Structure formats: C-alpha cells, structure tokens
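# Fold and geometry: a report
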Amino acid sequence: MDTEQQKQQYASDARPVLEAPDIARVLTRIAHEIVERAKGAEDVVLLGIPTRGVHLAQRLAVKLQEITDRRIPVGSLDITMYRDDLRMHPPRALARTDIPSDGIDGRLVVLVDDVLFSGRTIRAALDALNDIGRPRAVQLAVLVDRGHRELPIRADYVGKNLPTSLRETVKVQLAEEDGRDTVLLGVKQTSQGGQP
Amino acid sequence: MQRHLISAADLTRDDAVLILDTAEEMARVADRPIKKLPTLRGRTVVNLFFEDSTRTRISFEAAEKRLSADVINFTAKGSSVSKGESLKDTAQTLEAMGVDAVVIRHGASGAPYRLATSGWIDAAVINAGDGTHQHPTQALLDAFTMRRRLVGRDEGLGQDLSGRRITLVGDILHSRVARSNVDLLHTLGAEVTLVAPPTLVPVGVESWPCEVSYDLDRTLSKSDAVMLLRVQRERMNAAFFPTEREYSRRYGLDGDRMAKMPEHAIVMHPGPMVRGMEITAEVADSERCTAIEQVTNGVSIRMAVLYLLLGGNEPAATHTRTEEK
C-alpha cells in the first residue's frame, strides 16, 4: 500500500496507458484466448496473486462464465513465504491463500497477476504450487508485461506489452482496491521506487 | 514489532492482531498435504531449555521445522550447565556458532530479558517461559483460540477481543500463563477476571489491568471463556490451601458448574491437565473444552512469531505490502 504522498506523486507524474474500458477489453480478449487454448476451459482453475491479481482473476472468471456458461473455480495464491528476497526486506504481512475446494491436481492452473517484471514472483508462485498439488499444466496471464525479466519466464496471455526503462514505474489501479481502473506509467522517485 | 519477544506486555494491539492474522494463514499450511514452507531456509534456531518442558519444546520444534529452519535442541540436563557453565558462556557459545534465534525456557524470571539486552548475543530471543514471569506465545495461542471460537475463523481476521469477558481460575501466584494472558487480553480489549483462593493471588495484583474475585460460581454466568490453570505442585513451597479436595470443591470445574456458563462459552486449559482436581474428565472431554485445539494453535502461533521475527532482514513487521514483481 502506498502512502498518501506517493499516491499524489503517481497522480501528478504518472501518465495513464490503459483506462477502464481498455482494461475491460483486454480482459475479455484474454478470456477468449484462454477458452481457445484450453479448448473450452473445462478444467481451468484461476489463481490470482494478491493483491490485484486476485481481483483480475475474479473478473476473468466472470468473463469465462459468460463465454462458456460454466462456473470457473477461482482462488488466490500468496507467494510471500516463497520469495527469494525475504531477507532483503522487513517481513511483510501475509495475504490470503485460498485454493478452490476441488484442488488443483490434474487441472489447468492459470496464474493471474497485474504486472510481469523480473519474473521472481512467478518463480515463487510455481514453488508454492508445488507444495499444494500437481496441476496438469500451468499458464500465466498478466495485465501488463513491462519486460526486464531476470528469469526464463514468459506469459501465455498478455493484456498489454509495455516496453519500459528501469527508471520508470508501472502502477496498476483497480476499482476493487483503488477506486478506479487504470494503468499508470510514471518515473521512479529516487528514494522510493519500490521495484527491485 | 520489536526484535525479540520477551513479554506479552511489549506487544501493541496492532502487533498482537498482526501475529494472530499471520497465524491464521500459517494454520492453512497445516491443512495441506505438504506442511512445509521454505521461508526460514538457512536460518538456525536454538531451543535453549533450562527447564523441563516437552509440549512447548516440541511445539516450537514443529513450527521451526515447518518453516524449514535448522533446529538445534539444547537441554540443560547433562549439558555444561550442570557442570557450572553460566548463561553468559552458553550465550557466547551460541553466538560463536552463528545462530539466528534463541528460544529460551528458564526457571529464573528475567533470564530471556537478560539474554536479549546484555549484548552477549546478536540473535532474536523468544521467551518460551521464564520462572513465574511470562510465557508470551502461550498467551498468543490462547487469544488465537478465543478469537477463533468466539468471533470466527474468517470473521476474526483483523479483529481483537474487545468486550469479551475472560475468567482465569486457579494458581495465579505461580502462573506465568496468567500474567501473560492478563497483559495480552487487556491489550486486545477483553475484560479479565482472576478467580483464585486468596493465598494464590499475588501481592500487587491491584495494579494489574483486571478484576479479582474469590467466588467462581458468581463469575461463571458472565464469562465468554473460562481458563483453568494448573495447580503447580512443584512450586508449592507452603500450604496454600487445606486439601486438594477443598480446592476442587471451590475452584474445580465440573459438569454442574459448566452448565452455568453461557451457551457459547468455552473452557480452556494450557495443559497439562490434572483431571479430578482443576477439571473433571466430563468437562475435559466435552466439546466446549479447547485444550487439544490450543496445542494445534500453538504451532501456528509459533510459526507466525518466528516468521515475523526472522523472516526479513529487520524484524520490524508492518502491515504494509510493497508490490514487487
């Protein structure tokens, strides 16, 4: 969570690259792509990565239900305990891990997150999945891919490819969490960038 | 949160709620087929037990192992301590071995505080019970059990225990569990009443943030939880009450007394239970007695404390989450 001051900085310096209608449109497109690739999304389980990935996963589930007329199980996967940089920051509060009651064994798990950057979050998520069950396959859906990967990981479904410099920040705001839907591209403040 | 966990009185309301919420997530790990997290991989934790304790030690050990820490168990019996080594020497030995945390149980009140503040050792210190002083993780697991039963598992997240009425019965004088519980429950907004024979009420209890009563029957009907304390025979160096039978008659919880408690109220016991004296078998085995649940919850609480003290580079746990991808 950002401080009020940081929010104002985002508001003044940052430039929106996706607005609410764009976000709705790319999520619809991703939902159709999932149905196409999974041939009907019969065994799909959506797992959002807190905080904003969970909201995106829930929105995707609604869209998938509209397309397939089937209820798609959706859950959340907190990866905090699996991060490889735990010892570089103060310990953080844990978010919710909520696996649908049927589990993930033999299912196609689609991990959902807002921004794909270094790839370390997704590595941690793959480790976490390992401890929870054995999916048939794991795919990755992200709203924004900003590049700068540090690990050999790529997304299967990308809302928008956003080539950025490391001096820039990408901030996703969603109505459920922040009161509005937008993706903001800003310039890193020297002392408080927050990105690795 | 501070670097060490020495006393339940050191915790703010926000610290305590953060620990309880973290423990709730840790409890979910226990429901999974693989009950292990890689969080403390490469960290070394020493369980330094100068006083006998099986359940607290194995509870800490289970918590440490579930977080993938390397665990060293040290019991004073048969160690250099019985040859006359001092706490300082033991601490310096552990420091030289590069341990990251020390879980200490000691017969002397204040030993963990001494270890944490004397500069002998750099590790985080967690008090697992010192003399008649404090046992903070026990108080946390009791509060966790109360919150789960009285507020609810999911509804309880982020909540404290404000307005709940908790009664602690028995040997308050010798009980570090009672002291820790009074401190923590007060911080969490609960109203605490101590019930004990006058001889087992400590001097200076007036300054504690709680009520004192000598009549169990009168307090039962207004209690959301009744916690029975073990009568600690090993610390009884004088005649504090005439006979066990009389104690049992006035302060023991049997089926008739339990019937006077409100419908939703629970019976708690930190264990080990002395059946027939503080609690009858009928009560101990009833649905309302949470003694076994408390043991399970103890592992979750200790995992939460270890994670919050050792999981990061500095033990200042906060509610903030920075988004890093």
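Just so it is clear, the model here is predicted, and its values are computed rather than measured. (Residues numbered from 1 in each chain as written. Chains lettered and ligands numbered in written order. Predicted model: local features only at pLDDT ≥ 70, side-chain atom pairs only at ≥ 80, totals over all residues. Heavy atoms only, no water.)

Scanning chain A from N- to C-terminus turns up five helices and eight strands. Sequence-ordered secondary structure for chain A, helices as α and strands as β, is α-β-α-β-α-β-β-α-β-β-β-α-β. Its C-alpha radius of gyration of 16 Å places chain A within 12% of the 16 Å reference for a compact globule of 196 residues. Along the first, second and third principal axes, the C-alpha atoms of chain A reach 45 × 40 × 30 Å. Each of the 196 residues in chain A was classed as buried or not, and the buried ones make up 55%. When contacts within chain A are restricted to residue pairs at least 6 apart in sequence, those whose partners lie at least 24 apart make up 69%. Of the roughly 9100 Å² of accessible surface on chain A, a fraction of 48% belongs to carbon and sulfur atoms. For chain A, the separation between the mean place of its 28 positive charges and that of its 29 negative charges on side chains is 3 Å. (Helix = DSSP H or I, 4+ residues; strand = E, 2+ residues; numbered from the N terminus. Rg over C-alpha atoms; globule rule 2.2 N^0.38 Å. Buried < 20%, exposed > 50% of the residue type's maximum accessible area, 1.4 Å probe, protein only. Contact = heavy atoms within 4.5 Å. Areas by Shrake-Rupley, 256 points an atom, 1.4 Å probe, with all protein chains shown as cover. Lys, Arg positive; Asp, Glu negative; His and termini not counted. Charge placed at Lys NZ, Arg CZ, Asp CG, Glu CD.)

Time to look at the sheet that holds strand E5 (residues 137-145) of chain A. Residues and elements named next belong to chain A. Strands sit in the order E3-E2-E4-E5-E6 across an open sheet of five strands; the sheet is parallel. Each of the sheet's edge strands pairs with one partner strand only, and the pair in question is strand E3 (74-76) and strand E6 (157-161). The sheet shows a mean angle of 25 degrees between the axes of neighbouring strands, taken without regard to direction. Pairing between strand E2 (residues 44-48) and E3: three bridges, direction parallel. Across the sheet, residue Gly 48 finds its bridge partner in E3, namely Ser 76. Of the strands in this sheet, E2, strand E4 (108-116), E5 and E6 touch helix H2 (residues 20-37), which is tilted by about 150 degrees from E6. Along the sheet face, helix H4 (residues 120-132) touches E2, E4 and E5 and points at about 155 degrees away from the line of E4. (Pairing = 2+ DSSP bridges. Axes fitted to C-alpha atoms, helices over the stretch in contact; angles between N-to-C directions.)

All names here are of chain B. Strand order in the open sheet made by the five strands is E7-E6-E5-E8-E9, with parallel pairing throughout. Looking along the sheet, the strands with just one partner apiece sit at the ends: strand E7 (211-213) and strand E9 (266-268). The sheet shows a mean angle of 20 degrees between the axes of neighbouring strands, direction not considered. Pairing analysis gives three bridges linking strand E8 (residues 225-228) to E9, with the strands arranged parallel. Following the sheet pairing, Met 227 is matched in E9 by Met 268. On top of the sheet, helix H5 (residues 136-151) reaches strand E5 (165-169), E8 and E9; it is set at about 165 degrees to E9, its chief contact.

Turning our eyes to something else, we now look at the side chain of Ser 59 of chain B. Residue and element names in this part refer to chain B. Secondary-structure assignment places Ser 59 in helix H2 (residues 55-66). Ser 59 sits in the buried class, given a relative accessible area of 8%. At a separation of 2.6 Å, a polar atom in the side chain of Ser 59 contacts the side chain of Arg 302. (Polar contact = N/O pair within 3.5 Å; in protein donor to acceptor, adjacent residues only side chain to side chain.)

Let us now look at the UniProt feature "domain: Phosphoribosyltransferase" (unreviewed entry) in chain A. The residues that UniProt annotates with the feature "domain: Phosphoribosyltransferase" (unreviewed entry) are residues 18-161 of chain A. Spanning residues 18-161 of chain A, this segment combines 33% helix with 23% strand, and its end C-alpha atoms are found 11 Å apart. (UniProt positions renumbered as here; feature names shortened; annotations may be inferred.)

Here chain A averages 90 in pLDDT, while 90% of its residues score no lower than 70. Across residues 192-196 of chain A, where pLDDT falls below 50, the model places 15 contacts with residues more than four positions away in sequence or in other chains. (pLDDT = per-residue confidence, 0-100.)

All names here are of chain B. Annotation from UniProt places "binding site: L-aspartate" (unreviewed entry) at Lys 83, Arg 176 and Arg 230. Spanning 148 residues, the named residues are also spread out in space, since their farthest C-alpha pair is 31.8 Å apart. Checking the named residues against the second largest pocket, the ones that line it are Arg 176 and Arg 230. Dropping the residues within four chain positions of it, Arg 176 is found in contact with Glu 51, Arg 105, His 106, Gly 129, Asp 130, Gly 131, Thr 132, His 133, Gln 134, His 135 and Arg 235. Within the structure, Arg 176 has its side chain in polar contact with the side chain of Glu 51 (distance 3.3 Å). Its location among the elements puts Arg 230 in the loop between E8 and helix H8 (244-251). Not counting the four nearest positions on each side in its chain, Arg 230 is found in contact with Asp 171, His 269, Pro 272, Val 274 and Glu 278. (1 Å grid on protein atoms, 1.4 Å probe; cavity = no way out; pocket = protein on both sides within 12 Å on 5 of 7 lines; lining within 4 Å.)

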